[in-house]
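# Tertiary structure, described
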Amino acid sequence: MTVLVSTAFGIALVPLVWLLWTVVGRGIGRLDPYFLLHSMRGVFGGMDAGGIYHAIIGTVWVTVGAAVISVPVGILAAIYLVEYGAGGRLARAVTFFVDVMTGIPSIVAGLFAYALFSLFLGPGAHFGAIGAVALSVLMIPVVVRSTEEMLKLVPNELREAAYALGVPKWLTVIKVVLRTAIAGITTGVMLAVSRVVGETAPLLLTVGVIDSINFNPFEGRMMTLPVYVYRQFTAGLVPCNNPNVTCIPTINYDRAWAAALTLILIVMILNLVARLVSRLFAPKIRS
Amino acid sequence: MTTTAADTRAPSPAPSNGPDRPRPPRRRTRAADRGFNRAFRYLATSAGTLILIALAAVAGFLLWQSWPALTSSGSEIASKVSFFQGQSSLASYLGPLIFGTLLAAAVALAVATPLAIGIALFTSHYAPRRLASLLGWVIDLLAAIPSVVYGLWGALVLAPTIQPVWQWVSNVLGWIPLFKGPAADPARVLLTVSLVLAVMILPIITAVSREVFLQTPKLHEEAALALGATRWEMIRTAVLPFGRSGVVSAAMLGLGRALGETMAVVMILSPGLTYSFALLLAGKQQTIAANIALKYPEANSLGMSTLMATGLALFVITMVVNMASRWVVGRRKEFSGAN
């Protein structure tokens, strides 16, 4: 049985290694400064050009937008659950539905954001902020759960010491509890960001696709990295008929692999930094 | 668990002297709850409430947007929506989609669950303690890879590579309706999709199962070992019975994820709208989420409403699955896909 159980683990490693190997092998060739710093504007056919600058801008804006919405809401909700709710009916309902919310399909979050903004702006609106709202639906529960776990780790003695010194509760929460847990909360937020940064389906619905650079998240479509990968994939192979023009038949796939590699690198770096933060800055309060 | 500031500060001056005395302590309780204190409490409470409102809003908006499609007849939709051609009613359009969604997720679950249990047991009871957390982290890496990358890999690498395998499966097991051949080439079929979905849901099932297995009472394990059980017998008699409900709940969490997965399905599967169990034939099934992503660009307002209706169905299905799994696990301990 030991062999069988170890084999299960080995089998799980196969797709991981295979996938990473392929993405690195096929993506590394195109991943250069030119690729990172140029958009797809004016790129057509099998041209040996084009990059992901516009997609990176879009991903940064949409993800930052999602974080701006979900971090305050998530942390405050976690504070409510730990410091104020204390097993009340509302707190139990919130805990339950936060857990349920982690299971919302991402495309449903996209549909929700689309519907929400079509209420105000009419159908068919596409801009970065809608995508941020869609992603925040997916991100809030993750932030709440991780923050809640961290706040629960803060020893009660710290709170009581603050109360004994006459510090009001809100100041205790902000200056003592949050400050003690800040490393863990940062880790949780970064893991949440790394989870939503690769979301494709909701952004496809809400932010749309574009080949040019757009810095304004409140007007006009934006490209994002995951959507870029999908877009290049659907573009498929290019027929090269004219021998006088430089033409790479697999150019779209090459760009897709390079963008996928960029995306994986971003996610991995976020993950690594998050774990480093929790390891380096964790308060020394092992109970 | 937390004592409020009011509790610690108000020494409660004996509310016992007659009926007119109990007032002061109550006022002092309130006195601490004002200004910033009260504002902050309201802020935190409203953030918690906002989450409930958001969830209700998701359901509400989907219902509101899908209302035109829900209330109009099938022929009316068919006359206006291009991708609805040949359908007699919304139910006849939705039926195959729900079927495809459930089939893909069920096959993925059937592949992933035994594997996940094995991995969870490996990290909790077989691997050296020091290695265990590292191995857990490696499995978590699978969850960190974005779904669109899985889709890219599945469509461009896995599908061509696995086609001979599917061909062989259909030759050997072709008498089972599930594996009816000849296997499509390229292998943009439901079985490939389910395999990728299985890889994607493996981390969550593993993580939750591992937590449950680690919680097996040490005394149970030691008692089994003391009675002469081998390590596997100990796991079979002590760990697995203890962890059964946890594993069920973990599998349901994974099922919820697999149901809602979009990009991997969109990029790999060659879609079709039939009630077919043939996993190796192309153009037979489609899932709700993938259908929305594919049809969305060509949808007019009634088409969008139709897609919203399918999205509502997907939302309801995943909510039911998730709530059931939370209910199962809620009787045990606090677990979540988010930590």
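Calculation criteria
- Residues numbered from 1 in each chain as written.
- Chains lettered and ligands numbered in written order.
- Predicted model: local features only at pLDDT ≥ 70, side-chain atom pairs only at ≥ 80, totals over all residues.
- Heavy atoms only, no water.
- Disulfide = S-S within 2.5 Å.
- Buried < 20%, exposed > 50% of the residue type's maximum accessible area, 1.4 Å probe, protein only.
- Contact = heavy atoms within 4.5 Å.
- Buried area = accessible area lost by both parts, 1.4 Å probe.
- Salt bridge = Lys/Arg side-chain N within 4 Å of Asp/Glu carboxyl O.
- Polar contact = N/O pair within 3.5 Å; in protein donor to acceptor, adjacent residues only side chain to side chain.
- UniProt positions renumbered as here; feature names shortened; annotations may be inferred.
- Helix = DSSP H or I, 4+ residues; strand = E, 2+ residues; numbered from the N terminus.
- Phe/Tyr/Trp six-rings, centres within 6.5 Å; stacked < 30°, edge-to-face > 60°.
- Core = buried A, V, L, I, M, F, W, Y, C linked by side-chain atoms within 4.5 Å.
- Patch = residues over 30% accessible without salt bridge, like charges linked within 9 Å, V, L, I, M, F, W, Y side chains within 5 Å.
- Areas by Shrake-Rupley, 256 points an atom, 1.4 Å probe, with all protein chains shown as cover.
- Axes fitted to C-alpha atoms, helices over the stretch in contact; angles between N-to-C directions.
- Parallel < 35°, antiparallel > 145°, perpendicular 65-115°, else oblique.
- Nonpolar A, V, L, I, M, F, W, Y, C, P; charged D, E, K, R; others polar.
- Arc of directions from axis to C-beta.
- Left-handed = near helix turned anticlockwise from the far one by under 90°.
- pLDDT = per-residue confidence, 0-100.
- Expected span 1.5 Å × (residues − 1).

The subject of this paragraph is the state of the cysteines. Residue and element names in this part refer to chain A. Per the stated rule, a full pass over the model turns up one disulfide over all chains. Paired through a disulfide, Cys 240 and Cys 247 show a sulfur-sulfur distance of 1.8 Å. Residues Cys 240 and Cys 247 share a disulfide whose torsion about the S-S bond is about -70 degrees; that sign makes it left-handed. Since its relative accessible area comes to 33%, Cys 240 is described here as partly exposed.

On the side of chain B, 85 residues touch chain A, which itself brings 86 residues to the contact. Across the interface of chain A and chain B, roughly 7800 Å² is buried in total on both sides, 80% from carbon and sulfur atoms. One can count zero salt bridges joining chain A with chain B. For the pair chain A and chain B, the interface holds six residue pairs in polar contact (both at pLDDT 80 or more).

Sites flagged by UniProt as "domain: ABC transmembrane type-1" (unreviewed entry) map to residues 98-325 of chain B. When the span residues 98-325 of chain B is considered, its composition is 77% helix and 0% strand, and the gap between its end C-alpha atoms is 20 Å.

Quick look at the UniProt feature "transmembrane region" (unreviewed entry) in chain B now. The feature "transmembrane region" (unreviewed entry), as annotated in UniProt, sits at residues 40-64, 97-122, 134-159, 187-208, 262-282 and 302-324 of chain B in this numbering. Measuring from the first to the last C-alpha atom of residues 262-282 of chain B gives 18 Å, for a span that is 29% helix and 0% strand.

We now examine the environment of Val 71 of chain A. As for its position among the elements, Val 71 of chain A is in helix H3 (residues 53-85). A C-alpha to C-alpha distance of 9.8 Å links Val 71 of chain A and Val 142 of chain A, two positions 71 residues apart in sequence.

All right, on to the packing of aromatic side chains then. In the structure shown here, the tally under the stated rule is 14 aromatic pairs over all chains. An angle of 90 degrees between the planes, with centres 5.2 Å apart, marks the rings of Trp 18 of chain A and Trp 153 of chain B as edge-to-face. You can see Trp 18 of chain A sitting in helix H1 (residues 2-27) and its partner Trp 153 of chain B sitting in helix H7 (residues 147-173), one on each of two chains. In this structure Trp 153 of chain B comes out as buried when scored by relative accessible area, which is 2%. Three or more aromatic residues joined by ring pairs form one cluster here, namely Phe 112 of chain A together with Phe 61 and Trp 64 of chain B.

Next up on the list: the nonpolar core. Counting 206 residues, the largest nonpolar core has Ile 79, Ile 107, Met 139 and Leu 151 of chain A together with Val 149, Leu 152 and Trp 166 of chain B as the members making the most contacts within it. With 19 residues, helix H5 (residues 90-126) of chain B is the single largest residue contributor to this core. In this view, Val 149 of chain B contacts Leu 19, Val 23, Ala 260, Leu 263 and Ile 264 of chain A; residues no more than four positions away in its chain are not counted.

For the rest of this paragraph, the subject is the side chain of Thr 287 of chain B. Residue and element names in this part refer to chain B. Within the element layout of this structure, Thr 287 appears in the loop between helix H11 (263-268) and helix H12 (288-295). Judged by its relative accessible area of 3%, Thr 287 falls in the buried class. Once you skip the residues sitting within four places of it in the chain, Thr 287 turns out to touch Leu 97, Gly 100, Thr 101, Ala 104 and Val 265.

At the junction of Asp 185 of chain B and Pro 186 of chain B, the peptide bond is cis and its omega measures out at 0 degrees in the coordinates. Within the secondary structure layout, Pro 186 of chain B lies in the loop between H7 and helix H8 (190-214).

Residues and elements named next belong to chain A. Enumeration over the complete set of coordinates arrives at six salt bridges over all chains. Asp 48 is the salt-bridge partner of Arg 30, the closest N and O atoms lying 2.2 Å from each other. You can see Arg 30 sitting in the loop between H1 and helix H2 (33-37) and its partner Asp 48 sitting in the loop between H2 and H3, a full 18 residues away along the chain. Taking the shortest distance from any N to any O, the salt bridge between Glu 149 and Arg 145 comes out at 3.2 Å. Note that Glu 149 and Arg 145 are positioned in helix H6 (residues 128-153) at a spacing of four residues, about one turn of the helix.

Our next topic: a nonpolar patch on the surface. Taken together, Leu 119, Phe 120 and Leu 121 of chain A together with Trp 64 of chain B make up a surface patch of nonpolar side chains, about 450 Å² in accessible area. No other element matches helix H5 (residues 106-121) of chain A, which puts three residues into the nonpolar patch. Its relative accessible area of 60% is what places Phe 120 of chain A among the exposed residues.

Attention shifts here to the side chain of Thr 206 of chain B. Checked against the element boundaries, Thr 206 of chain B lands in helix H8. When neighbours within four sequence positions are excluded, Thr 206 of chain B is seen to be in contact with Ala 116, Ile 119, Ala 120 and Ile 139 of chain B.

Turning our attention to the packing of H1 of chain A against H7 of chain B. Running from N to C, H1 of chain A and H7 of chain B point in directions that differ by 100 degrees, and their axes come no closer than 11 Å. With respect to their mutual orientation, H1 of chain A and H7 of chain B come out roughly perpendicular. Here H1 of chain A contributes Pro 15, Trp 18, Leu 19, Thr 22, Val 23 and Arg 26 of chain A to the contact with H7 of chain B, which in turn contributes Val 149, Tyr 150, Trp 153, Leu 156, Val 157, Leu 158 and Thr 161 of chain B. For the contact of H1 of chain A with H7 of chain B, the class distribution of residues is 10 nonpolar, two polar and one charged.

Residues and elements named next belong to chain A. Within helix H7 (residues 156-164) the residues assigned to the buried category are Arg 159, Ala 162 and Tyr 163. Projection of H7 onto a plane perpendicular to its axis shows the buried side chains occupying an angular sector of 100 degrees, all on one side. Among the exposed residues of H7, those oriented more than 90 degrees off its buried face are Glu 157 and Ala 164. Once H7 finishes, Gly 166 follows within two positions and takes phi at roughly 85 degrees, a positive value.

Residue and element names in this part refer to chain B. For the pair H5 and helix H10 (residues 231-260), the least separation of the axes is 9 Å and the interaxial angle reads 140 degrees. For the element pair H5 and H10, the recorded crossing hand is right-handed. Contacts between H5 and H10 involve Thr 101, Leu 102, Ala 105, Ala 106, Leu 109, Thr 113, Ile 117, Leu 121, His 125 and Tyr 126 from the first element and Arg 231, Trp 232, Met 234, Ile 235, Val 239, Leu 240, Val 247, Ala 251, Gly 254, Leu 255, Ala 258 and Leu 259 from the second. Classifying every residue of the contact of H5 with H10 by side-chain character gives 17 nonpolar, four polar and one charged.

Further remarks concern the confidence of the model for chain B. All names here are of chain B. For chain B, mean pLDDT is 83; residues scoring 70 or higher make up 87% of the total. Within the model, pLDDT remains below 50 along residues 1-19, and this stretch shows 23 contacts once partners closer than five positions in the same chain are excluded. This stretch, residues 334-339, has a pLDDT under 50; its non-local contacts, to residues over four places away or in other chains, come to 23 contacts. Here the complex is predicted with pTM 0.86, and the ipTM for its interfaces comes to 0.90.

A rise of 1.5 Å per residue sets the reference length of helix H6 (residues 129-144) of chain B, with its 16 residues, at 22 Å; its end C-alpha atoms lie 24 Å apart and thus fit the reference within 8%. Listed in full, the buried residues belonging to H6 of chain B are Ala 132, Leu 135, Gly 136, Val 138, Ile 139, Leu 141, Leu 142 and Ala 144 of chain B. Looking at the buried positions of H6 of chain B, the neighbouring elements they touch are H1 and helix H11 (251-281) of chain A together with H5, H7 and H8 of chain B.

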